[in-house]
Amino acid sequence: MKPAFKTFNAILQSLKQDNTLPVSQLRKLGIIYNGYRLVVSAFLLLMAYANIKADTNLLLPSLLQQTALGFYVILSLILLSLFLVATKQLQRQLVFGLGIDVIVLSLLLYTNGAPDLQLTMLYMVVVAASFMLLRSSQALVITLLAILFVIYQQFMSLTNLGDALLMSASFLAVGFLSWSISQRLVHVERFITRQAEEVERLNTINQEVISQMLNGVMVIDKQHIVLANHATYQLLGIPETQTSPFTEVSSSYGDAKPTIRQQQRSFKNHHNPLYAFQQALAHQHRALLNSCLSVPTNQSRNFVYELPEAATASITNKLRVQVIPLNDGSQLILFEDLRREQANAQQLKLASLGQLTASIAHEIRNPLAAISQASQLLMEDMNDITDSDNSESQAAMDTNGNNELYKMIFAQTKRVNRIIEDVLKLSRQQRSNKQTIELETWMPQFLENYFRGNDIFLHDTSHPVIQFDTHQLEQILINLINNGLRYCGLIHPYAYAEIEIYCVQNDVIIDVLNEGEGVAPADVEHLFDPFFTTDKAGTGLGLYLSQAFSEANHARLLYVAEHEKTCFRLIIPTGSCSEEVWDDEY
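Residues numbered from 1 in each chain as written. Predicted model: local features only at pLDDT ≥ 70, side-chain atom pairs only at ≥ 80, totals over all residues. Heavy atoms only, no water.

### Looking at the packing of helix 3 (residues 63-85) against helix 4 (residues 90-112)
Then step 1. With their axes 10 Å apart at the nearest point, helix 3 and helix 4 run at an angle of 165° to one another. Taken together, helix 3 and helix 4 sit at an angle that is classed as roughly antiparallel. The handedness of the crossing between helix 3 and helix 4 comes out as left-handed. Contact with helix 3, carried on its side by Leu64, Gln65, Ala68, Leu69, Tyr72, Leu75, Leu79, Leu82 and Phe83, involves Leu90, Gln93, Leu94, Phe96, Gly97, Ile100, Asp101, Val104, Leu107, Leu108, Tyr110 and Thr111 of helix 4 and no other residues of that element.
Then step 2. Grouping the constituent residues of the contact of helix 3 with helix 4 by class yields 16 nonpolar, 4 polar and 1 charged. (Axes fitted to C-alpha atoms, helices over the stretch in contact; angles between N-to-C directions. Helix = DSSP H or I, 4+ residues; strand = E, 2+ residues; numbered from the N terminus. Parallel < 35°, antiparallel > 145°, perpendicular 65-115°, else oblique. Left-handed = near helix turned anticlockwise from the far one by under 90°. Contact = heavy atoms within 4.5 Å. Nonpolar A, V, L, I, M, F, W, Y, C, P; charged D, E, K, R; others polar.)

So this is what it looks like as structure tokens:
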């Protein structure tokens, strides 16, 4: 008795859980069952008259049977239409329909006068459907109703009563089996739903991770690009814009009217933003695309791609490209900006230079200070001698000549001291402490602090916000503006400089302009080399320091020879600009 009691308790606990199918699945199965009811009701009505036509000895169906079958067909059609239209109260609609099924089948069984195998099978379908579509309590009520009708009709005949009891037991067995299957389906459905949600969550996380990666990620499958993250667009200088597919369709065929198939193909291609990206990639970086497509699907390849001149105005000029084969036959393309390696190399170079300068700086500056002090003392003595001796003797002329030599020694010691100070700046250079800078307010204050009284014209149309080390940005601009004022003053009666600030895609551009002669073509390649200068009074470290500070902030400093004026351009990445019209080209 104990095992049976435990089994009964387990069944009761399972019934209390009352797990039902999800609404979407319930609606699908409900539509199928309502369609099945309509087909069965129409079939029963037709078969009732078909049997009479085949056998002339049979009488017409009774009024009760005709009424029940006609009512069943009409009601089945109404229930199917209502289930298709109404999306609420699905359980109540199913309970009502299954109850009608039991009543109609009971009337048909009553008119037959004896148990019928066909009607018994239909009863079992109704019981099985109730346990699959309804709650356990509702399905149990439907089953008990069917059992009650069957037993009541056959109560007067003991023989038929035994068949009715056997039929009732079959109803319960079919109901239990159907309920077990439905519960398993519910659990499987919930498990699949959880798995789908987990896969969707992981897919969302993966997409977010890929979109936020600093390295470019691109996937090529069957010679077509199927994935490209934001960094890929940015590194390759391709804007993330999508043109209207209808414009693309009409323009691709010129004046000729495209066919419907051509329109469908063009709409499918141009509606996909990756198609536009692949077209732009083939136009701007055909060598890169051909190199990636030429790699066999089962092989990997690494190479360095140098951006063409049309794209070198960006902060990136070289990319490391890695082609990795995937298991499904597609290829994963990784783009790595070599600026990080260049910045690390720059840091190592500065660290080595710092160690060198730190060890010899004091050894050089101490005798240099003594020489400078001695030259100053000699100059003072020469001035005293000149004041006391006003004669035009040869000794006085020699004294004046020596005084000029002492001034030359003092000037050269000051120049060497400036060189040492610039070198020490490199050795003391710390890691960049980036801060948020609003150039709209920062730049005028900077010019007021350092260039008051100078003609500096500021043009800022985008009002960007950048991330940069404030002190290093000041040093860069001071060097560039001082150079512009100095070389502009060599040609014009008064010196002036211009600063233009604007945005291109995700880059903030600061142009420092002047009306000087510019840089000679032969000197451009050595412009940022240390100790290279065309000014006899210069140290040759100003532009080198400025470029080092720029690379430390992941920016880029370059000389634009194509500009109509002498232009040094500072390109700062990932800037935030106001909602102005962005420039398309540098």
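The discussion continues.
### Re the confidence of the model for the protein chain
It should be kept in mind that the predicted coordinates are not to be read in detail where pLDDT is low.
Then step 1. In this model, the protein chain carries an average pLDDT of 75, and 71% of its residues clear a pLDDT of 70 or more.
Then step 2. Note that residues 242-257 has pLDDT below 50 and, in this model, 17 contacts with residues that lie over four places away or in other chains.
Then step 3. Segment residues 579-586 is flagged for pLDDT under 50; beyond a separation of four residues in sequence, or across chains, it makes 19 contacts in the model. (pLDDT = per-residue confidence, 0-100.)

### Quick look at the packing of aromatic side chains
Then step 1. The final tally for this structure, using the stated rule, is 8 aromatic pairs.
Then step 2. Taking 5.5 Å as the distance between ring centres and 40° as the angle between the ring planes, the aromatic pair formed by Tyr33 and Tyr36 counts as tilted. In this pair, Tyr33 and Tyr36 both sit in helix 2 (residues 23-54), 3 residues apart, roughly one turn of the helix.
Then step 3. Accessibility expressed as a relative area gives 28% for Tyr36, which makes it partly exposed.
Then step 4. On the numbers, 4.6 Å between centres and 50° between planes, the contact of Tyr233 with Phe277 is tilted. Residue Tyr233 is located in helix 8 (residues 230-236), and its partner Phe277 is located in helix 11 (residues 273-284); the two are separated by 44 residues in the primary sequence. One exposure class covers both Tyr233 and Phe277, and it is buried.
Then step 5. Members of the aromatic cluster, connected to one another through ring pairs, are Trp442, Phe446, Tyr450 and Phe451.
Then step 6. The ring of Phe303 is capped by Arg301, whose NZ or CZ atom sits 4.7 Å from the centre of that ring. (Phe/Tyr/Trp six-rings, centres within 6.5 Å; stacked < 30°, edge-to-face > 60°. Buried < 20%, exposed > 50% of the residue type's maximum accessible area, 1.4 Å probe, protein only. Lys NZ or Arg CZ within 6 Å of the ring centre and 35° of its normal.)

### Brief notes about the sheet that holds strand 2 (residues 224-228)
Then step 1. The sheet built from 5 strands is open, its strands ordered 2-1-5-4-3 with antiparallel pairing. Both outer strands of the open sheet, strand 2 and strand 3 (301-306), are each paired with one neighbouring strand and no more. Going from strand to strand, the sheet's axes swing by 25° on average, the running direction of each strand aside.
Then step 2. Pairing of strand 4 (residues 318-325) with strand 5 (residues 331-337), which is carried by 7 bridges, proceeds in the antiparallel orientation. (Pairing = 2+ DSSP bridges.)

### Quick look at a nonpolar patch on the surface
Then step 1. A cluster of nonpolar side chains, Leu202, Ile205, Val209 and Met213, forms an exposed patch at the surface whose accessible area comes to about 310 Å².
Then step 2. With respect to the secondary-structure elements, Met213 resides in the loop between helix 7 (158-212) and strand 1 (216-221). (Patch = residues over 30% accessible without salt bridge, like charges linked within 9 Å, V, L, I, M, F, W, Y side chains within 5 Å. Areas by Shrake-Rupley, 256 points an atom, 1.4 Å probe, with all protein chains shown as cover. Salt bridge = Lys/Arg side-chain N within 4 Å of Asp/Glu carboxyl O.)

### Describing the nonpolar core
Then step 1. In this structure, Leu98, Leu105, Leu108, Tyr123, Val126 and Phe171 are the most contacted members of the largest nonpolar core, which totals 37 residues.
Then step 2. Looking at this core, the elements with two or more residues in it are helix 2, helix 3, helix 4, helix 5 (117-133), helix 6 (136-153) and helix 7.
Then step 3. Not counting chain neighbours up to four residues away, the residues in contact with Leu105 comprise Leu119, Leu122, Tyr123 and Val126.
Then step 4. In this structure, Leu477, Ile501, Leu527 and Tyr559 belong to the second largest nonpolar core, which totals 35 residues. (Core = buried A, V, L, I, M, F, W, Y, C linked by side-chain atoms within 4.5 Å.)

### So, the pattern of salt bridges
Then step 1. One pass over the structure, following the stated rule, counts 7 salt bridges.
Then step 2. Between Glu198 and Arg201 there is a salt bridge; the shortest N-O distance is 2.7 Å. Note that Glu198 and Arg201 are positioned in helix 7 at a spacing of 3 residues, about one turn of the helix.
Then step 3. The exposure class of Glu198 is partly exposed, given its relative accessible area of 32%.
Then step 4. Each of Glu498, Glu515 and Lys565 takes part in one network of salt bridges that share partners.

### Examining the side chain of Asn514
Then step 1. Mapped onto the fold, Asn514 is located in strand 10 (residues 507-514).
Then step 2. At a separation of 2.8 Å, a polar atom in the side chain of Asn514 contacts the main-chain amide nitrogen of Gly516.
Then step 3. In this structure, Asn514 is in contact with Gly484, Cys488, Tyr496, Lys565 and Thr566, ignoring residues within four places of it in sequence. (Polar contact = N/O pair within 3.5 Å; in protein donor to acceptor, adjacent residues only side chain to side chain.)

### Regarding helix 12 (residues 286-293)
The periodicity of an α-helix, 3.6 residues per turn, causes residues three or four positions apart to be oriented the same way.
Then step 1. Looking only at helix 12, the buried set comprises Leu288, Leu289, Ser291 and Cys292. Buried residues of helix 12, seen end-on, are gathered within an arc of 160° and therefore sit on one face of the element. (Arc of directions from axis to C-beta.)

### Some details on the environment of Leu527
Then step 1. With respect to the helices and strands, Leu527 occurs in the loop between strand 10 and helix 17 (542-552).
Then step 2. Each C-alpha atom, one on Leu527 and one on Leu558, is 9.3 Å from the other, the two residues being 31 residues apart in sequence.
Then step 3. Those residues in contact with Leu527, other than ones at most four positions away along the chain, are Val519, Phe532, Leu543, Tyr559 and Phe568.

### So, unusual backbone geometry
Then step 1. Look at Gln223: it is not a glycine, yet its phi comes out positive at around 65°.
Then step 2. In this fold, Gln223 is placed in the loop between strand 1 and strand 2.
Then step 3. Among the residues examined, Gln223 registers a relative accessible area of 46% and is labelled partly exposed.
Then step 4. The backbone phi angle of His554 is positive, close to 60°, even though this residue is not glycine.

### So, the sheet that holds strand 7 (residues 455-460)
Then step 1. With respect to topology, 5 strands assemble into an open sheet ordered 7-9-10-12-11, the strand pairing being mixed. Each edge of the open sheet carries a strand with a single partner, namely strand 7 and strand 11 (556-560). In this sheet, adjacent strand axes meet at a mean angle of 20° when their direction is disregarded.
Then step 2. Sheet topology note: the strand 11/strand 12 (residues 566-572) ladder contains 5 bridges and is antiparallel. Directly across from Leu557, in strand 12, lies its bridge partner Leu570.
Then step 3. Its contacts with the sheet place helix 17 against strand 11 and strand 12, and it is angled at close to 135° to strand 11.

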